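# Coordinate analysis (summary)
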Amino acid sequence: AQSVTQPDIHITVSEGASLELRCNYSYGATPYLFWYVQSPGQGLQLLLKYFSGDTLVQGIKGFEAEFKRSQSSFNLRKPSVHWSDAAEYFCAALSGTGYALNFGKGTSLLVTP
Amino acid sequence: DAGITQSPRYKITETGRQVTLMCHQTWSHSYMFWYRQDLGHGLRLIYYSAAADITDKGEVPDGYVVSRSKTENFPLTLESATRSQTSVYFCASSGAGGPGDTQYFGPGTRLTVL
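All of these numbers come straight from a predicted model, not from anything done at the bench.

Definitions and limits used
Along each chain, the written sequence defines residue order, and numbers are assigned to residues from 1. Both sets of labels track the order of writing: A upward for chains, 1 upward for ligands. Totals for whole chains, interfaces and linings use every residue, but because this is a predicted model, local features are given only for residues with pLDDT of at least 70 and side-chain atom pairs only at 80 or more, for both listing and counting. Side-chain measures here rest on the full set of heavy atoms in the structure, leaving out hydrogens and waters. For the purposes of this entry, the term helix denotes a DSSP run of H or I that reaches at least four residues, the term strand denotes a run of E that reaches at least two, and both are numbered from the N terminus. Only the C-alpha atoms count toward the radius of gyration. The rule for a globule is 2.2 Å times the residue count to the power 0.38. Here the term buried applies to any residue with accessible area under 20% of the maximum for its type, exposed to any over 50%, and partly exposed to those in between, with areas from a 1.4 Å probe on protein chains only. Here the accessible surface of atoms and residues is derived via Shrake-Rupley with a 1.4 Å probe, and residues count as covered only by protein chains that are part of the display. We count Lys and Arg on the positive side and Asp and Glu on the negative side, and we leave His and both chain ends out. The atoms used to mark charge sites are NZ of Lys, CZ of Arg, CG of Asp and CD of Glu. A contact between two residues is defined here by any heavy atoms of the two lying within 4.5 Å. Side-chain atoms within 4.5 Å are what join buried Ala, Val, Leu, Ile, Met, Phe, Trp, Tyr and Cys residues into a set we call a nonpolar core. Here a cavity denotes grid points, spaced 1 Å and computed from the protein atoms alone, that fit a 1.4 Å probe unable to get out, and a pocket denotes an open set having protein on both sides within 12 Å along at least 5 of 7 lines; residues with an atom within 4 Å of a point are the lining. Grid points are joined across faces, edges and corners, and a volume is the space filled by probe spheres set on the points. Put simply, Ala, Val, Leu, Ile, Met, Phe, Trp, Tyr, Cys and Pro go in the nonpolar bin, Asp, Glu, Lys and Arg in the charged bin, and everything else, Gly too, in the polar bin.

### With respect to the overall build of chain A
- Looking only at helices and strands, chain A has zero helices and 12 strands in total.
- Listing each helix as α and each strand as β along chain A from the N terminus yields β-β-β-β-β-β-β-β-β-β-β-β.
- A compact globule built from 113 residues would reach a C-alpha radius of gyration of about 13 Å, and chain A, at 13 Å, matches this within 12%.
- Seen through its C-alpha atoms, chain A measures out along the principal axes to roughly 45 × 30 × 20 Å.
- Within the span of chain A, comprising 113 residues, buried residues form 45% of the whole.
- Per element, the accessible surface of chain A, about 5,400 Å² overall, is 50% carbon and sulfur.
- Side chains of chain A carry 8 positive and 8 negative charges; the gap between the two charge centres is 6 Å.

### Here we look at the overall build of chain B
- Summing up its helical and strand segments, chain B has zero helices and 11 strands in all.
- Secondary structure elements of chain B occur, N-terminal to C-terminal, as β-β-β-β-β-β-β-β-β-β-β.
- Relative to the 2.2 N^0.38 estimate, which gives 13 Å for 114 residues, the radius of gyration of chain B is 13 Å and therefore close to what a compact globule would have.
- With respect to the principal axes defined by its C-alpha atoms, chain B has extents near 40 × 25 × 25 Å.
- Within chain B, counting contacts between residues at least 6 apart in sequence, those at least 24 apart form 55% of the total.
- With an accessible surface of roughly 5,400 Å², chain B has 47% of that area assigned to carbon and sulfur atoms.
- Distance from the positive charge centre (10 side chains) to the negative charge centre (10 side chains) of chain B: 8 Å.

### Regarding the nonpolar core
All names here are of chain A.
- With 27 residues, the main nonpolar core has Leu19, Trp35, Leu47, Leu48, Phe74, Leu76 and Tyr89 as its most contacted residues.
- Per element, the largest residue contribution to this core is four residues, and it comes from strand S10 (residues 87-94).
- In this structure, Leu48 is in contact with Leu33, Phe34, Trp35, Val57, Gln58, Gly59, Phe63, Glu64, Ala65, Phe74 and Leu76, ignoring residues within four places of it in sequence.

### Here we look at the layout of surface pockets
- In this model, the largest pocket occupies a volume close to 590 Å³.
- Together, 30 residues line the largest pocket, and Gln38, Glu88 and Phe90 of chain A together with Gln37 and Leu39 of chain B are the ones closest to its centre.
- In terms of residue count, S10 of chain A provides more of the lining of the largest pocket than any other element does, three residues in total.
- Among the residues forming the lining of the largest pocket, the class breakdown is 11 nonpolar, 14 polar and five charged.
- Here the second largest pocket is characterised by a volume of approximately 380 Å³.
- Ala100, Leu101, Asn102 and Phe103 of chain A together with Glu59 of chain B are, among the 20 residues lining the second largest pocket, the residues nearest its centre.
- Broken down by secondary-structure element, the contributors of at least two residues to the lining of the second largest pocket are S10 and strand S11 (102-103) of chain A together with strand S5 (42-51) of chain B.
- Broken down by element, the lining of the second largest pocket gets its largest block of residues, four residues, from S5 of chain B.
- Here the lining of the second largest pocket is composed, by residue class, of 11 nonpolar, six polar and three charged.

In short, shape yes, function no, at least from these values alone.
Structure below.
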């Protein structure tokens, strides 16, 4: 079955430190891949997406993600975290024949002073 | 204002009552989606629609009904609400440019079934 896994439920980082959120997918063929962020009490906002081509994708708010086919991963990174980055982060995938996103269970990011 | 809106934002109801959650988008997007968000489950697809009068089930459709008579509206009805339907419901929409079209999400409706 197609699935998206986010191994870390919670992550805590210090403000200014680097961040990496993990995402693994299980699909027959490489899916379209997305990262969304959800601030408390808000809807989801797209950070970035990958379809093909350059495996390093730049997004909004200083985020980037790297697609690694050999590891079936699409990890999200940020070199220096700000307190405003505290939120829930969701990785999602979409098969080439579908329109509905398949979400991971999310990673909650806490940023400490 | 342009965008995707949901109403109500908060709703408390009782078991057995019918509840309708509204979703409206101003982009004339072809695709619309309903997801529910629960702790430990992330977001799960309830129903989606590819165009007016075309709807299809998602991962967790039981107990829900949808309709889409107009492109811009996609209401979700709980015909007889149960406590297990207590959740946050998100509506989303996307264009018909292909699977890569960005899905835009509404602000959500928090539903509590007592």
